[in-house]
Amino acid sequence: MTGGTVHTVDSADRVAEAIAVAGGRIARVGTAGEVAPLIGPRTRVIRLRGRSVLPGINDSHLHGVWLGQMWPDLLMDQMAAGHHGGEPLPRLETAEARRGAILRTGELLASLGVTSYTEPGLGPGEDAGPSGCFGSAVLRDYADLAAEGLLRARVTALMLFGELDGASSLPGLLAGLRDFVPPADVPGRFRVAGVKIFADGIPPMRNAWTDEPYADGTHGGLLVEGGSETEAEALPQVPVALTMVGGRVVHEL
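Residues numbered from 1 in each chain as written. Predicted model: local features only at pLDDT ≥ 70, side-chain atom pairs only at ≥ 80, totals over all residues. Heavy atoms only, no water.

## Focus on the environment of Arg 49
Within the secondary structure, Arg 49 is located in the loop between helix 1 (32–35) and strand 4 (52–53). Judged by relative accessible area, which is 71%, Arg 49 ranks as exposed. Between the alpha carbons of Arg 49 and Thr 5 there is a distance of 9.4 Å; along the sequence they are 44 residues apart. Those residues in contact with Arg 49 that sit more than four places away from it in its chain are Thr 2 and Gly 3. (Helix = DSSP H or I, 4+ residues; strand = E, 2+ residues; numbered from the N terminus. Buried < 20%, exposed > 50% of the residue type's maximum accessible area, 1.4 Å probe, protein only. Contact = heavy atoms within 4.5 Å.)

## With respect to the pattern of salt bridges
Note on pairing: side chains with opposite charge can pair once their charged atoms come close. Scanning the entire structure with this criterion turns up 8 salt bridges. In this structure, the salt-bridge partner of Arg 99 is Glu 148, at a minimum N-O distance of 2.8 Å. Of this pair, Arg 99 sits in helix 4 (residues 95–112) while Glu 148 sits in the loop between helix 5 (136–147) and strand 7 (154–160); the two residues are 49 residues apart in sequence, bridging distant segments of the chain. The salt bridge involving Arg 248 is made with Glu 252; its shortest N-O contact spans 3.1 Å. Here Arg 248 pairs with Glu 252, and both are found in helix 8 (residues 247–252), just 4 residues apart, close to one helical turn. Relative accessible area serves as the criterion here: at 32%, Arg 248 is assigned to the partly exposed category. (Salt bridge = Lys/Arg side-chain N within 4 Å of Asp/Glu carboxyl O.)

## Let's talk about the sheet that holds strand 7
The strand order across the open sheet built from 5 strands is 5-6-7-8-9, with neighbouring strands paired in parallel fashion. Edge strands, defined here as strands with exactly one partner in the open sheet, are strand 5 (57–59) and strand 9 (240–243). The sheet shows a mean angle of 25 degrees between the axes of neighbouring strands, taken without regard to direction. Pairing analysis gives 6 bridges linking strand 7 to strand 8 (residues 190–198), with the strands arranged parallel. Bridge assignment links Leu 160 to a residue of strand 8, and that residue is Lys 196. (Pairing = 2+ DSSP bridges. Axes fitted to C-alpha atoms, helices over the stretch in contact; angles between N-to-C directions.)

## A word on the side chain of His 63
With respect to the helices and strands, the residue His 63 is situated in the loop between strand 5 and helix 2 (64–70). Residue His 63 is classed as buried on the basis of its relative accessible area, which comes to 17%. The contacts of His 63, once residues within four sequence positions are left out, are Glu 119, Pro 120, Phe 134 and Leu 164.

## What about the confidence of the model for the protein chain?
Put simply, the protein chain has an average pLDDT of 89, and 92% of its residues get 70 or more. By mean pLDDT, helix 7 (residues 229–233) is the weakest element of the protein chain at 60, and helix 5 is the strongest at 98. (pLDDT = per-residue confidence, 0-100.)

## A short note on the sheet that holds strand 2 (residues 15–22)
On the basis of which strands lie adjacent, the open sheet formed by 4 strands has the order 3-2-1-4 and mixed pairing. Both outer strands of the open sheet, strand 3 (25–30) and strand 4, are each paired with one neighbouring strand and no more.

So this is what it looks like as structure tokens:
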């Protein structure tokens, strides 16, 4: 690509005018003259004509399988239209159905410039969940698609040993870390980076621990149980992503 503005967004925030890609990776960024020697007889040259090139967007919290299953009838659109609570979608029961949802999401994200995302909670805690979008089988589907070269985005996943947006316990976490073996990482495309824990829930479910009560007078509460110092010291060294939504839980924790 040449003839435009290339925003590198590197540590020096450099701006270039051309970029070369080989084998799916950036080979060189610089002036048109610096990139021109890499142009061969089979090179596809894209004339930017003054347009800009930006790095891909990372979404740090995206339920990829759920998005692919619901698209284009999204939850927030339903809530805005006052239709939330209608007929539930059929549960994803097979690898084919789950993979189809992942691939639909990949196509959608690619069209929007999103090239990587984090699946914030997949694992045994949701194996019996009503949607089939968050169980441990989804981790294997992601790993398989990555190994087959079919993932359109780089995906980071967090393991889930409790219920999505629900309670979890220290014994449950310890048992999950001891007994559950996630699929191996696929370098550059898919990795399991740690564990997801919910300190509280979300406002639509009225279980976010808020400073002010909801319309029905409730205000949510903690979804995690404490443990002894001995139990805490026994925890393996694993990265943990902690969800804190309501103002009260932020103040308390």
